[in-house]
Amino acid sequence: MRTGDDQALRERETELARYRLLAGSALGVAAAGWAASHFAPLPPEAVHPLRAVAEAGMVGGLADWFAVTALFRRPLGLPIPHTALVPKNRDRIADGIAAYIDREFLEPGMLVEQLHRMDLADRIARMLHDGQSRARVVDVVVRLLPGLVRGDGEAAIRGTLTRALQEALGGVDLRRPLARVLRAVVESDALEALLTELSDRLVGMVQDRRDWLQEAVEARSRWWIPRAVDRRVAGNLADAAIDHLFDLRSPHSDVGRDLRRWLRELPDEVERGGPLGERLTRVVRMALQDTSFSQLLDKAVSTLRRLVVDDLEGPDSRIRGVVEAAVASLASQLDDAELRGRVNRSVEDAFVAAIPRWRERIRDFISETLRGQDLDEFTRRMEVRVGKDLQYIRINGTILGAMIGGLLYVLNGLLA
């Protein structure tokens with residue numbers, strides 16, 4: 001139990017004790033009047049009306065004391081039937097509270113009606129258009145970010161991400177997602193620039209290794225072949241390779257057309273489960289299981305954390321600027337009545353879809369929580385919640401009884 005709950009409960013108990021004393025005092029006044037009518041030296045004409053009023057007040061006060069007490073315990077500890085109603089019916093009360101909440105708050109039609117009246121999108125729009133409210137939203141988001149990437153949780157984040165990826169991809173057929181990625185690359189406008197860069201890098205590699213190629217040719221050449229011939233052969237091989245690699249850049253050359261045709265067919269081959277697709281999926285799975293993957297993820301998370309923390313600690317935080325721009329953009333977009341309507345409908349649809357799955361669980365949770373409480377603690381809490389109002393019933397019963405007693409005394413005198 002939280003400290004705040006304890007404090008509130010003690011305050012309610014103190015208040016209940018004060019009103020119990022007040023109700024008891026009202027009953028005590030009636031009892032004192034009754035005693036005075038018997039033992040005090042009063043004028044004869046005052047004794048009977050005082051006794052009638054006091055007796056009726058005592059009867060009303062005692063009857064209501066019995067009724068209020070019988071709700072929570074046995075009056076005077078006596079085994080009187082139909083007393084201690086709350087502890088005896090704790091389970092029925094728990095089920096009744098759960099059923100009431102289910103019926104009055106979780107019924108889908110009522111929820112949708114309340115959400116419709118609330119117009120959540122309009123409220124969000126008005127809040128974000130208010131400068132102070134928007135600044136508070138930005139502050140909340142910015143304060144949350146360092147906690148999401150804080151250092152003490154970095155290892156847990158890394159381990160969780162690694163295990164999640166490994167377990168999720170372990171039983172998944174990766175051919176289709178790999179084919180989609182390859183297809184997106186092949187159909188991208190950046191493909192030609194990528195092939196050009198690749199061709200340039202390969203040409204550079206061949207140029208840088210002319211000496212190695214010459215030595216390789218000489219090492220495999222016959223002893224009687226002149227070295228000048230070997231150097232000419234090595235040069236011709238390098239030039240031919242360079243020309244071939246340059247041709248890769250052009251979609252109109254034979255080798256360029258063949259390469260692009262192969263690239264276009266590659267995603268379909270991977271998706272069908274060809275040998276290349278199988279090799280690619282094996283490579284991906286091995287990479288996920290390899291320690292280098294964990295190290296890569298470790299470095300990525302560490303770098304992300306450092307960048308976020310350093311940026312947010314700076315006077316001109318770019319991340320804060322991005323958050324502010326995003327919130328401002330959201331506020332501007334919500335000016336569109338059609339968009340607000342779509343947002344509200346989406347929220348309503350989400351509630352309608354979710355509540356049937358959660359409604360029974362919520363009802364059972366409330367009922368089981370109340371049933372699981374200690375019986376004395378349950379009774380105590382119930383009495384503390386409603387006890388103040390019940391003490392008013394005792395006070396009113398005493399006063400009303402006394403008034404009725406006085407009225408009956410007057411009527412009896414008139415009728416006599």
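The chain has the name DUF445 domain-containing protein in an unreviewed UniProt entry, where Rhodocista pekingensis is given as its organism.

Chemist: Describe the overall build of the chain, with residues and values.
Modeler: Helix and strand counts for the chain stand at 18 helices and zero strands. In the chain, buried positions account for 26% of the 416 residues. Relative to all contacts within the chain whose residues are 6 or more apart in sequence, the contacts with residues 24 or more apart total 72%. Accessible surface for the chain amounts to roughly 27700 Å². Of this, 60% is attributable to carbon and sulfur atoms.

Chemist: Describe the pattern of salt bridges, and please don't skip the residues or the numbers.
Modeler: Counted according to the given criterion, the structure contains 28 salt bridges. For Arg73, the salt bridge is made with Glu383, and the minimal N-O distance between the two is 2.5 Å. Taken as a pair, Arg73 in the loop between helix 2 (44-72) and helix 3 (85-88) and Glu383 in helix 18 (residues 375-415) lie far apart in primary sequence, 310 residues in all. The partly exposed category is assigned to Arg73, whose relative accessible area is 35%. Here Arg260 makes a salt bridge to Glu192, at a shortest N to O gap of 2.7 Å. Remark: Glu192 occurs in helix 10 (residues 191-208) and Arg260 occurs in helix 13 (residues 254-272); sequence separation between them is 68 residues. Linked by salt bridges that have partners in common, Glu13, Glu377, Arg380 and Arg381 make up one network.

Chemist: Describe the packing of aromatic side chains, listing the residues and the values that go with them.
Modeler: Under the defined criterion, the tally for this structure stands at one aromatic pair. Relative to Tyr392, the ring of Tyr19 lies with its centre 5.3 Å away and its plane at 55°, an arrangement referred to as tilted. Taken together, the residues span a long stretch of sequence, with Tyr19 in helix 1 (residues 3-39) and Tyr392 in helix 18 at a distance of 373 residues. On the accessibility criterion, Tyr19 (16% relative accessible area) is buried. Residue class for Tyr392 comes out partly exposed when judged on its relative accessible area of 34%. Above the face of the Trp358 ring, Arg361 is positioned so that its terminal group lies 5.1 Å from the ring centre.

Chemist: Give me the lowdown on helix 12 (residues 227-247), citing residues and values where you can.
Modeler: Over its 21 residues, helix 12 runs 30 Å from end to end, which matches the ideal 30 Å to within 8%, given 1.5 Å per residue. Along helix 12, the positions that sit buried rather than exposed are Asp230, Ala234, Gly235, Ala238, Ile242 and Leu245. Each buried residue of helix 12 sits inside an arc of 130° when the element is viewed along its axis, so together they form one side. Looking at the packing, one finds that the buried side of helix 12 touches helix 10 and helix 11 (210-220).

Chemist: Describe in detail the side chain of Thr69, supporting the description with residues and values.
Modeler: Mapped onto the fold, Thr69 is located in helix 2. For Thr69, a relative accessible area of 13% gives the class buried.

Chemist: Lay out the environment of Leu9 with the relevant residues and their values.
Modeler: With respect to the element layout, Leu9 can be found in helix 1. Overall, the relative accessible area of 7% leaves Leu9 in the buried class. Spatially, the C-alpha atoms of Leu9 and Arg381 are 7.9 Å apart, while their sequence positions differ by 372 residues.

Chemist: I'd like to hear about the UniProt feature "transmembrane region" (unreviewed entry) in the chain, residue by residue, with values.
Modeler: Mapped onto the present numbering, the UniProt feature "transmembrane region" (unreviewed entry) falls on residues 21-40 and 392-411. Structurally, residues 21-40 comprises 95% helix and 0% strand, and the distance from its first C-alpha atom to its last is 26 Å. Along residues 392-411 the backbone is 100% helical and 0% strand, and the end-to-end C-alpha distance reaches 28 Å.

Chemist: So, the nonpolar core: which residues are in play, and what are the values?
Modeler: If you look at the biggest cluster of nonpolar residues, it comprises nine residues: Val68, Phe72, Val86, Ala94, Ala98, Ile366, Leu370, Phe378 and Leu390. Taken together, the elements giving at least two residues each to this core come down to helix 2, helix 4 (90-105), helix 17 (337-372) and helix 18. Beyond its immediate stretch of four places on either side in the chain, Leu390 contacts Val68, Leu71 and Phe72. By size, the runner-up hydrophobic cluster in this structure holds eight residues, among which are Leu128, Val138, Val308 and Ala331.

Chemist: I'd love a proper account of the side chain of Arg340, names of residues and values included.
Modeler: Counting through the fold element by element, Arg340 comes out in helix 17. A polar contact of 3.1 Å, which involves the side chain of Arg340, links it to the backbone oxygen of Asp335. Beyond its immediate stretch of four places on either side in the chain, Arg340 contacts Ala121, Asp122, Ala125, Leu334 and Asp335.

Chemist: Kindly report on unusual backbone geometry, identifying the contributing residues and their values.
Modeler: If a residue is not glycine, its phi is most likely negative; likewise, a peptide bond is most likely trans. A positive phi is found at Leu76, a non-glycine position, where the angle reads about 60°. The topology assignment puts Leu76 in the loop between helix 2 and helix 3.

Chemist: Any chance you could break down the packing of helix 10 against helix 13 for me, citing the residues and the numbers?
Modeler: Packing of helix 10 against helix 13 brings their axes to within 13 Å, and their N-to-C directions diverge by 125°. Taken together, the axes of helix 10 and helix 13 lie oblique to each other. The interaxial crossing formed by helix 10 with helix 13 has right-handed handedness. Between helix 10 and helix 13, the residues in contact are Leu191, Glu192 and Leu195 and Leu259, Arg260 and Leu263, respectively. Partitioning the contact of helix 10 with helix 13 into residue classes produces four nonpolar, no polar and two charged.

Chemist: Help me get a handle on the packing of helix 10 against helix 12, residues and values and all.
Modeler: Where helix 10 meets helix 12, the axes come as close as 9 Å, and the angle between the chain directions of the two elements is 175°. Considered as vectors, helix 10 and helix 12 are oriented roughly antiparallel to each other. Residues Ser199, Leu202, Val203, Val206 and Gln207 of helix 10 pack against Ala238, Ala241, Ile242, Leu245 and Phe246 of helix 12. A breakdown of the residues in the contact of helix 10 with helix 12 according to their chemical character gives eight nonpolar, two polar and no charged.

How each quantity is defined
- Residues numbered from 1 in each chain as written.
- Predicted model: local features only at pLDDT ≥ 70, side-chain atom pairs only at ≥ 80, totals over all residues.
- Heavy atoms only, no water.
- Helix = DSSP H or I, 4+ residues; strand = E, 2+ residues; numbered from the N terminus.
- Buried < 20%, exposed > 50% of the residue type's maximum accessible area, 1.4 Å probe, protein only.
- Contact = heavy atoms within 4.5 Å.
- Areas by Shrake-Rupley, 256 points an atom, 1.4 Å probe, with all protein chains shown as cover.
- Salt bridge = Lys/Arg side-chain N within 4 Å of Asp/Glu carboxyl O.
- Phe/Tyr/Trp six-rings, centres within 6.5 Å; stacked < 30°, edge-to-face > 60°.
- Lys NZ or Arg CZ within 6 Å of the ring centre and 35° of its normal.
- Expected span 1.5 Å × (residues − 1).
- Arc of directions from axis to C-beta.
- UniProt positions renumbered as here; feature names shortened; annotations may be inferred.
- Core = buried A, V, L, I, M, F, W, Y, C linked by side-chain atoms within 4.5 Å.
- Polar contact = N/O pair within 3.5 Å; in protein donor to acceptor, adjacent residues only side chain to side chain.
- Axes fitted to C-alpha atoms, helices over the stretch in contact; angles between N-to-C directions.
- Parallel < 35°, antiparallel > 145°, perpendicular 65-115°, else oblique.
- Left-handed = near helix turned anticlockwise from the far one by under 90°.
- Nonpolar A, V, L, I, M, F, W, Y, C, P; charged D, E, K, R; others polar.

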